[in-house]
Amino acid sequence: MSIYHLHIPRTLGIYIKNNVLPHLITGGVPHFVSNRTFINTENIKNSKFVGGHFGLMPLKYMNNPEVFCIIRDPIDRFISYFNYTTAGQVRSGNDYIDKLEEWLYGEQANIQSNSQSKFLTGSLNIDKFNKNIRVFQEAVRHNWFIENYSLNLDKILENVDRFFCYSMDRHEEFIEDLNKSLFKKFNFKTFKHKDKANSSVNLGIYIDKKYYDRILELNEIDMEVYNYVQKTKKRY
């Protein structure tokens, strides 16, 4: 009787957290919902609702939870995540371009590529995460310390079929189904208001065809996963 929100960065996670967390607190539901808190596995074992950038890690400690996840168009997600994590880190337009090219052609290209597939198959390294708990950019630079992932499409889709995965454009179905699970287990429903999802700063960078094609190249597996989720439309 537990739920895990497998939160891939830039897939409405803050919006979901802000709607669900108050009810968990007032209802006395044991929970662990944070990407900035020291991880103690006992807290996860004792939780009925877990949410965060953890990949499959919580599944090692939870008792057969229902897993909910949103998959976003990989190009949109890549650009949104770059904007969100880069805003405030550099000072000029040229610096932004240099940073973008590092993500597209430098060391970060391999780290940031196919990130959604990595979250669907890999697990957060707890020790590395806890050692860098106060440094957000370290988590970004290391893809939230997600390790032991697979980029084998069959293995990725096997997990997609195990979980309740929704494409971003079907977020209303995600909300409806998550509410069903929340009510069944904890006797509450949420998402009563049409809150705005968290948005990222527009850095004013024009994504031309060269950049667009490179982002697609780096995320070809994620695109196959996204298209599969859109096609299957699994419901709770």
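Residues numbered from 1 in each chain as written. Predicted model: local features only at pLDDT ≥ 70, side-chain atom pairs only at ≥ 80, totals over all residues. Heavy atoms only, no water.

(A) Representation of unusual backbone geometry within the structure. In this structure, Asn148 takes a positive phi of about 55° despite not being glycine. As for its position among the elements, Asn148 is in the loop between strand S6 (146–147) and helix H9 (153–162). According to the relative accessible area criterion, Asn148 is exposed, its value standing at 73%. The phi angle at Lys233 is positive, at roughly 50°, despite the residue not being glycine. Mapped onto the elements, Lys233 comes out in the segment after helix H12 (220–232). (Helix = DSSP H or I, 4+ residues; strand = E, 2+ residues; numbered from the N terminus. Buried < 20%, exposed > 50% of the residue type's maximum accessible area, 1.4 Å probe, protein only.)

(B) Layout of the packing of H9 against H12. Interaxial distance between H9 and H12 falls to 11 Å at its minimum, and their mutual angle equals 35°. For the element pair H9 and H12, the recorded crossing hand is right-handed. Residues Leu153, Ile156, Leu157, Val160 and Asp161 of H9 form the contact with H12, whose participating residues are Ile221, Glu224, Val225, Tyr228 and Val229. Class assignment of the residues belonging to the contact of H9 with H12 gives a composition of eight nonpolar, no polar and two charged. (Axes fitted to C-alpha atoms, helices over the stretch in contact; angles between N-to-C directions. Left-handed = near helix turned anticlockwise from the far one by under 90°. Contact = heavy atoms within 4.5 Å. Nonpolar A, V, L, I, M, F, W, Y, C, P; charged D, E, K, R; others polar.)

(C) Structural detail: the environment of His142. Tracing the backbone through its elements, the reader meets His142 in the loop between helix H8 (136–141) and S6. The spacing of His142 and Ile111 is 31 residues in sequence and 6.7 Å in space, taken between C-alpha atoms.

(D) Representation of the nonpolar core within the structure. With 44 residues, the main nonpolar core has Leu6, Ile39, Phe54, Ile71, Leu120, Leu124 and Cys165 as its most contacted residues. When near neighbours in sequence (up to four residues on either side) are disregarded, Ile71 contacts Ile8, Gln116, Leu120, Cys165, Tyr166, Ser167, Met168, Tyr226 and Val229. Membership of the second largest hydrophobic core comes to 22 residues, among which are Ile3, Tyr166, Leu178 and Phe188. (Core = buried A, V, L, I, M, F, W, Y, C linked by side-chain atoms within 4.5 Å.)

(E) Molecular detail of empty space enclosed by the protein. Applying the stated criterion across every chain yields a total of one cavity of 30 Å³ or more. The computed volume of the largest cavity comes to approximately 50 Å³. As for the largest cavity, its lining consists of Asn35, Arg36, Phe129, Asn132, Ile133, Val135, Phe136, Ala139 and Trp144. Its residues assigned to classes, the lining of the largest cavity shows six nonpolar, two polar and one charged. (1 Å grid on protein atoms, 1.4 Å probe; cavity = no way out; pocket = protein on both sides within 12 Å on 5 of 7 lines; lining within 4 Å. Points joined across faces, edges and corners; volume = space filled by probe spheres on them.)

(F) Spatial organisation of the pattern of salt bridges. Applying the stated criterion to the full structure yields 13 salt bridges. Between Glu101 and Lys210 there is a salt bridge whose closest N-O contact spans 4.0 Å. A residue pair is termed long-range when its members are at least 10 positions apart, and Glu101 in helix H4 (residues 93–105) and Lys210 in helix H11 (residues 209–218) qualify at 109 residues. When its relative accessible area of 47% is taken as the criterion, Lys210 is described as partly exposed. Residues participating in the shared-partner salt-bridge network are Arg170, Glu173, Glu176, Asp177, Lys180 and Arg235. (Salt bridge = Lys/Arg side-chain N within 4 Å of Asp/Glu carboxyl O.)

(G) How the structure looks around the layout of surface pockets. Each pocket or cavity is described by its volume, and for the largest pocket that value is around 350 Å³. Along its surface, the largest pocket is lined by 23 residues, and His7, Gly13, Ile14, Asn35 and His53 are the ones closest to its centre. Per element, the largest residue contribution to the lining of the largest pocket is six residues, and it comes from helix H1 (residues 13–26). A breakdown of the residues in the lining of the largest pocket according to their chemical character gives ten nonpolar, ten polar and three charged.

(H) Representation of the sheet that holds strand S3 (residues 49–52) in the model. The parallel open sheet is built from five strands, whose spatial order is S2-S3-S1-S4-S7. The open sheet has two edge strands with one neighbour each: strand S2 (31–33) and strand S7 (164–167). Adjacent strand axes in the sheet meet at a mean angle of 15° when their direction is disregarded. As paired elements, strand S1 (residues 3–6) and strand S4 (residues 66–71) share three bridges and run parallel to each other. Within S4, the position partnered with His5 by the bridge is Phe68. (Pairing = 2+ DSSP bridges.)

(I) A look at the packing of H1 against helix H10 (residues 171–186). Between H1 and H10, the least distance of the axes is 13 Å, while the angle of their chain directions is 15°. By the angle between their directions, the pair H1 and H10 is classed as roughly parallel. Crossing of H1 over H10 shows right-handed handedness. Counting all contacts with H1, which are made through Tyr15, Ile16, Val20 and Leu24, the residues of H10 involved are Phe174, Ile175, Leu178, Leu182 and Phe186. The class makeup of the residues in the contact of H1 with H10 is nine nonpolar, no polar and no charged. (Parallel < 35°, antiparallel > 145°, perpendicular 65-115°, else oblique.)

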